[in-house]
Amino acid sequence: MHEVLIILSVHRERDQFRAENLIDVLNAVRPDALFLEHSPAEYERFNGLEKKVSELYIATNQVPVIPCGKPFPEKEMLESYQKYQRLSHALETYSSEDYRAAFDNNVQRESLEGFSYLHSNEYGQAQKWLHEEEERIVVSADRPEIYQIFQWWSELQRNRELFIRDSIEKIVLENGYERVVLFIGSEHRNSFLSVTKDSVYSEIKWSCYKC
């Protein structure tokens, strides 16, 4: 049996999100390899939390660090960012008081509780509600172009997650790794766990880290 442990993260150190917290997790887990959601090109120019943790860990542990994200051309990345900004603006414009209150509460709990909140069932439930509410918001806005962007963004994320899942499974099986870690942004929690359930490899166990 091969195990892939998903560790939810944020891309920049802030509040309770510190490299030393994740180092403690890695020291306890002792993975054979570290995977990151970034593409190889993104990893080269990335200076965020996951890269810092990886570099600190491999300074005393000889394990490979493998960026496994799907590469995108620079132009396509810029266009994606612009579309996402339009979607974010629409959500701010048409959101309800309930949504804004839930969103703010989620952000506050992240800041105060850090990784323990990201890996809780409560976080998964909050994320599920926010995503469903966002879809209701873009539908009720009655702006087809915004809903198309919402659908495009959801499909883009799913394709990225499938690519990451398939890449990791291929590498794990080829190298015989017994236990590996994937660092992935916390916003992928529910959707990524969903794609792992569709894996065809019964000999690979996917699970989310529990604090």
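Report follows, based on the coordinates. (Residues numbered from 1 in each chain as written. Predicted model: local features only at pLDDT ≥ 70, side-chain atom pairs only at ≥ 80, totals over all residues. Heavy atoms only, no water.)

1. Comments concerning the pairing of strand S4 (residues 179-185)
Move 1: Along S4, six of the seven residues are buried, which leaves the element largely enclosed by surrounding structure.
Move 2: Inspection of the sheet shows strand S1 (residues 2-9) paired to S4 by seven bridges, in the parallel sense. In the sheet register, Ile-7 faces S4, and the bridge partner there is Phe-183.
Move 3: The sheet contact formed by strand S2 (residues 33-36) and S4 spans four bridges and is parallel. Residue Phe-35 lies in a different strand from S4, and its bridge partner there is Leu-182. (Buried < 20%, exposed > 50% of the residue type's maximum accessible area, 1.4 Å probe, protein only. Helix = DSSP H or I, 4+ residues; strand = E, 2+ residues; numbered from the N terminus. Pairing = 2+ DSSP bridges.)

2. Considering the pattern of salt bridges
Move 1: In total, this model carries 13 salt bridges according to the counting rule given.
Move 2: In this structure, Glu-145 engages Arg-143 in a salt bridge whose closest nitrogen and oxygen atoms are separated by 2.9 Å.
Move 3: You can call Glu-145 partly exposed: its relative accessible area is 31%.
Move 4: Given a relative accessible area of 29%, Arg-143 falls into the partly exposed group.
Move 5: With its nearest N and O atoms 2.9 Å apart, the salt bridge here joins Arg-165 to Asp-166.
Move 6: The exposure class assigned to Asp-166 is partly exposed, which follows from its relative accessible area of 40%. (Salt bridge = Lys/Arg side-chain N within 4 Å of Asp/Glu carboxyl O.)

3. Thoughts on the side chain of Ser-80
Move 1: The topology assignment puts Ser-80 in helix H4 (residues 74-94).
Move 2: On the accessibility criterion, Ser-80 (13% relative accessible area) is buried.
Move 3: Among all residues touching Ser-80, those that are not within four sequence positions of it are Trp-152, Trp-153 and Leu-156. (Contact = heavy atoms within 4.5 Å.)

4. Here we look at the pairing of S2
Move 1: Neither face of S2 is open: one carries Ala-33 and Phe-35, the other Leu-34 and Leu-36, and all of them are buried.
Move 2: Sheet topology places S2 next to strand S3 (residues 65-67); three bridges connect them, and they run parallel. Considered in S3, the bridge of Phe-35 is made with Ile-66.

5. Considering the nonpolar core
Move 1: One finds Phe-35, Ile-168 and Leu-182 to be the most contacted residues of the largest nonpolar core, which totals 42 residues.
Move 2: Per-element accounting of this core gives the leading share, six residues, to helix H1 (residues 19-29).
Move 3: Excluding residues that lie within four positions of it along the chain, Phe-35 makes contacts with Ile-66, Cys-68, Ile-168, Ile-171, Val-172, Val-180, Val-181, Leu-182 and Phe-183.
Move 4: In this structure, Leu-91, Tyr-99, Leu-130 and Phe-150 belong to the second largest nonpolar core, which totals 10 residues. (Core = buried A, V, L, I, M, F, W, Y, C linked by side-chain atoms within 4.5 Å.)

6. Digging into the sheet that holds S3
Move 1: Reading across from one edge, S3-S2-S4-S1-S5 is the order of the five strands in this open sheet, with parallel pairing throughout. The sheet terminates laterally at S3 and strand S5 (204-208), the two strands that pair on one side only. Neighbour-to-neighbour, the strand axes of the sheet open up by a mean angle of 25°, direction not taken into account.
Move 2: Examined bridge by bridge, S1 and S5 share five bridges and lie parallel to one another. Residue pairing in the sheet places His-2 in a bridge with Ile-204 of S5. (Axes fitted to C-alpha atoms, helices over the stretch in contact; angles between N-to-C directions.)

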